[in-house]
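These are the residues of each chain, in order.
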Amino acid sequence: MPSVSTEFIAIGANRTTHAAAWSTDGWIAYAASQLVALYNPLVTTQSVALVSGSADTTAKVWKKNPEGQWVCSATLEGHTGAVETVACMRDHSLETQVDLFATGSADGTIRLWERRMVDATTGNSHVPLPILASGNTDKIISIYVHQNGSQFEKVHTLQGHDNWIRSLAFATYTGTDAEITENTVHTLKKGNLVLASASQDKYIRLWKIAPQAKLSSDSDQLYSLMFEALLIGHDDWVYSVHWERPKVTNLGHNTEFTQPMRLVSASSDKSLMVWSPDPATGVWVNEVRMGDMGGNSNLGFCGALFSPNGKHVLSHGANGSFHVWQDISTEEDENHWIPQVSISGHFKAVESVAWDPQSRYLVSSSLDQSTRLFAPWNRSTGETRVQTWHEMGRPQVHGYDLKCIAFIHDWQFVSGADEKVLRVFDAPRSCVESLAVLTGEENLASQVESRPIGANLPALGLSNKAVFQGDIDAMMNSEENHATMQSYAHTSSTPTSLLETMHQPPFEEHLIQHTLWPEVEKLYGHGYELICAEATHDGKYIATACKAATPEHAVVRLFDTTHWKEIKTKVDAHSLTVTRARFSHNDRWLLTVSRDRLWSLSERVEGEQDTIYRPMYKNKAHARIIWNCAWSHDDAFFVTGSRDKTIKIWTQNSTASEWECVSTLRCSEAVTALDMAPVLLWSAPQGQLEAWKPWHSIEKRLSHAGVVNSLAWRSSLAHQEKRLQLASAGEDHSVRILNIDW
């Protein structure tokens, strides 16, 4: 039996606030489509538990089982609307065996949940949280106090913000009263609670909750709630505030907690800020501002978090990307933050994946209107060789949802979108040279002759324009020319900035601005949104199809790549939308499947310019729409998959030359994606192609959480004869690569 493991997963964060949490052991959990993704940029120790809320009106508690796998230990039901926010008790007193969770929902309610320890793996225990704060769309912060057993009662409201409250965060001031001198403005005392609130009014407000002196020993304890400070600096909505984690110091048998007074905020103005009070005056000031100061298409940050040690800051953006900064300051009063390599991924459904003809890198297309290039980063760490996969480029950033992608040759691909136009892209020199350095395949650098340096997307444009060496020379030799600069959408993506060769995976800002591929051609002809595109293995022809409700539009158009003109004769074998086209490996056959439940085979015609492929066979193969098809590695047979939950194997009858179904495989769900392995894994007896049996079922935890839209086998792996790699794309926003060892 084969062994299956995950090599790589790329998936972006959801475009929502409170979508990420950084645990004390270094793991980051973030919302990704219907999934909770785990990401670890630092060293790990032991995790406790994780709570997630969903649009399905439930919250789930996750913990690790003895095998180290995360499993759902409890489902919290009761809300009638989407669970928008989750709060877990954070208390430095560990005396009881009760955890407390609060869930806020779109149904307008807050529910409190208790979790008690029932076994040794349930997690830590805490005392009940006495104070709960909630922010609402009515611009008011409500304060609830734990009273009368297990009830929370509303005791006060805080007013001041002029727009929706987006984030709240508590911290306990652990400084000493002796720190407050005559020159200190703030009035915080040890044990005071500080509440930070962020709002769409662009401001952050700090509130102090402090005990009042008792009038007598028998009187009740009273508390005051006061406005402490107003933090002004952001230019747009503030989505998130987060305090730096308390420092833990072990003093013999006692544990001391010290809360740093540092706050990080994230805003849709494309920046995040670190705030702290001035030691002399107590006035809250902005220590450092990080993020994107340019005007790219990034829509800002949705959230920001401190690492457990306070030396890293992570933020997630509206386009699903992550940004990590590290504080490398050597002095206490310094603020020197540098960006670090992080992860990225699509933030909408991924429609198609394709390996380049040499299987050196993978390209995906998505409904988030981008194509992304993923490749391995091979490097040495000491005496150890390390390989990790990263997004190395973003060849196309479009204005329409991208549906399909196909490689024409090693460094050229064609993509189709809802705009009805196919676009052809060619790799620039900067991409080829960077991939040569990052993958360790130095021979790639020899393939850069005559290639443009890079590409630029003009403002209000959809076509990536090539940038050549002559453009750089003209820019460097001329005086400042505003008319020339206006042709560049971003000031940081001028020609001179495209000369750099990457020595590490690019940051998000670099991906957006510097890794575009030049568009070399547009292919017209279709009247509706494009559905599929495929290129011959010799790179001479491209076959494309679009949405169709009539035979007139259900044709497969063929384009000649030598002059990019459409072939006069179309393949008109179907009456409804052609869902997939596949060329055989020897390019003799063109296989198409359609919504009309038919498959069609067209044979290549040599010597005719107007007719390249002529329909020869077709068969009404399935009872429902046929979604996909694939050829075997030796073109001896092909397979079709349908919504009728069957896969059928077809081979050519040696006597009658007809193609007939030799086996039908029944599945539990509709078949949406197919691809045949590039090698022969086992050999059936002569003439017994019907002898199919299940080889392996991939575990659910390694699979997609929705429809699988595309599958693509990697054709070869150097020095690993018994390992295959399978790339997949799904509606859960993820691109995955699986290792299959056999």
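See the structure above.
Residues numbered from 1 in each chain as written. Predicted model: local features only at pLDDT ≥ 70, side-chain atom pairs only at ≥ 80, totals over all residues. Heavy atoms only, no water.

Section: the overall build of the protein chain
The helix and strand inventory of the protein chain stands at four helices and 52 strands. The buried share of the protein chain, taken over its 742 residues, is 49%. When contacts within the protein chain are restricted to residue pairs at least 6 apart in sequence, those whose partners lie at least 24 apart make up 52%. (Helix = DSSP H or I, 4+ residues; strand = E, 2+ residues; numbered from the N terminus. Buried < 20%, exposed > 50% of the residue type's maximum accessible area, 1.4 Å probe, protein only. Contact = heavy atoms within 4.5 Å.)

Brief notes about the packing of aromatic side chains
Under the counting rule described, the total for this entry stands at 24 aromatic pairs. With a centroid separation of 5.0 Å and 75° between ring planes, the pair formed by tryptophan 599 and phenylalanine 638 is classed as edge-to-face. In this pair, tryptophan 599 is assigned in strand β44 (residues 598-604) and phenylalanine 638 in strand β47 (residues 637-642), connecting sequence segments 39 residues apart. Per residue, the accessibility class of tryptophan 599 equals that of phenylalanine 638, and both read buried. Members of the aromatic cluster, connected to one another through ring pairs, are Trp589, Trp599, Tyr617, Trp631, Phe638, Trp650 and Trp659. One residue, arginine 379, lies across the ring of tryptophan 377, its end atom 3.9 Å from the ring centre. (Phe/Tyr/Trp six-rings, centres within 6.5 Å; stacked < 30°, edge-to-face > 60°. Lys NZ or Arg CZ within 6 Å of the ring centre and 35° of its normal.)

A short note on the sheet that holds strand β3 (residues 28-32)
Strand order in the open sheet made by the three strands is β2-β3-β4, with antiparallel pairing throughout. The two strands at the open ends of the sheet, each matched to only one other strand, are β2 (20-22) and β4 (35-39). Each strand of the sheet is rotated relative to its neighbour by a mean of 20°, with strand direction disregarded. As judged from the three bridges shared by β2 and β3, these two strands associate in the antiparallel manner. By the bridge assignment, tryptophan 22 is partnered in β3 with isoleucine 28. (Pairing = 2+ DSSP bridges. Axes fitted to C-alpha atoms, helices over the stretch in contact; angles between N-to-C directions.)

Some remarks on a positive patch on the surface
Side chains of Arg597, Lys620, Arg624 and Arg643 sit close together on the surface and give a patch of like positive charge. Locating arginine 624 in the fold gives a position in the loop between β45 (613-620) and β46 (626-631). On the basis of relative accessible area, arginine 624 is assigned to the partly exposed category, the value being 39%. (Patch = residues over 30% accessible without salt bridge, like charges linked within 9 Å, V, L, I, M, F, W, Y side chains within 5 Å. Areas by Shrake-Rupley, 256 points an atom, 1.4 Å probe, with all protein chains shown as cover. Salt bridge = Lys/Arg side-chain N within 4 Å of Asp/Glu carboxyl O. Lys, Arg positive; Asp, Glu negative; His and termini not counted. Charge placed at Lys NZ, Arg CZ, Asp CG, Glu CD.)

Structural notes on a negative patch on the surface
A cluster of like negative charges, contributed by Glu331, Glu332, Asp333 and Glu334, occupies part of the molecular surface. Of note, glutamate 334 is situated in the loop between β26 (322-327) and β27 (337-340). Glutamate 334 gets classed as partly exposed once you look at its relative accessible area, which sits at 35%.

So, the pattern of salt bridges
Counted under the stated rule, the structure contains 28 salt bridges. The closest approach of N and O atoms between glutamate 351 and lysine 403, which form a salt bridge, is 3.4 Å. One end of the pair, glutamate 351, is in strand β28 (residues 350-355); the other, lysine 403, is in strand β32 (residues 402-409), with 52 residues separating them in the sequence. Here lysine 403 falls in the partly exposed class, since its relative accessible area comes to 21%.

A short note on the pairing of strand β29 (residues 362-366)
In summary, the side chains of a regular strand alternate between the two faces of the sheet. Among the five residues that make up β29, five are buried, leaving the element largely enclosed by the rest of the structure. Of the two faces of β29, the one carrying Leu362, Ser364 and Ser366 and the one carrying Val363 and Ser365 are both buried. Connecting the antiparallel pair β28 and β29 is a turn made up of six residues, with serine 359 showing a positive phi of about 60°. Alignment of β29 against strand β30 (residues 370-381), held across four bridges, turns out to be antiparallel. Paired with valine 363 across the two strands is leucine 373, which belongs to β30. What sits between β29 and β30 in their antiparallel hairpin is a turn of three residues, with glutamine 369 showing a positive phi close to 70°.

Points about the pairing of strand β5 (residues 50-53)
Across four bridges, β5 lies against strand β6 (residues 59-64) in antiparallel orientation. Directly across from glycine 53, in β6, lies its bridge partner alanine 59. Counted between consecutive antiparallel strands, the loop separating β5 from β6 contains five residues, among which threonine 57 sits at a positive phi close to 75°.

What to know about the sheet that holds strand β34 (residues 422-426)
One key point about sheets: their strands pair by backbone hydrogen bonds, in either a parallel or an antiparallel sense. Strand order in this open sheet of four strands is β32-β33-β34-β37, and the pairing throughout is antiparallel. Since the sheet does not close on itself, it has two edges, and those belong to β32 and β37 (519-523), each with one partner. Taken pair by pair, the neighbouring strands of this sheet meet at an average axis angle of 20°, ignoring direction. Direction of pairing for β34 relative to β37: antiparallel, over a ladder of four bridges.

A few points about the nonpolar core
Ranked by internal contacts, the top residues of the largest apolar core, which has 22 residues, are Tyr361, Leu373, Met392, Trp411, Leu435 and Trp517. Of all elements in the fold, only β30, β32 and α1 (429-439) reach the threshold of two or more residues within this core. Core analysis: the next-biggest nonpolar cluster, separate from the first, contains 19 residues, Ala171, Ala198, Val238 and Trp243 among them. (Core = buried A, V, L, I, M, F, W, Y, C linked by side-chain atoms within 4.5 Å.)

Overview of the environment of tryptophan 337
Following the sequence through the fold, tryptophan 337 ends up in strand β27. It is 9.1 Å that separates the C-alpha atoms of tryptophan 337 and valine 313, two residues lying 24 residues apart in sequence. Sequence-distant contacts of tryptophan 337, defined by excluding residues within four places in its chain, comprise Arg262, Val288, Met290, Phe306, Gly310, Lys311, His312, Val313, Trp325, Gln326 and Asp327.

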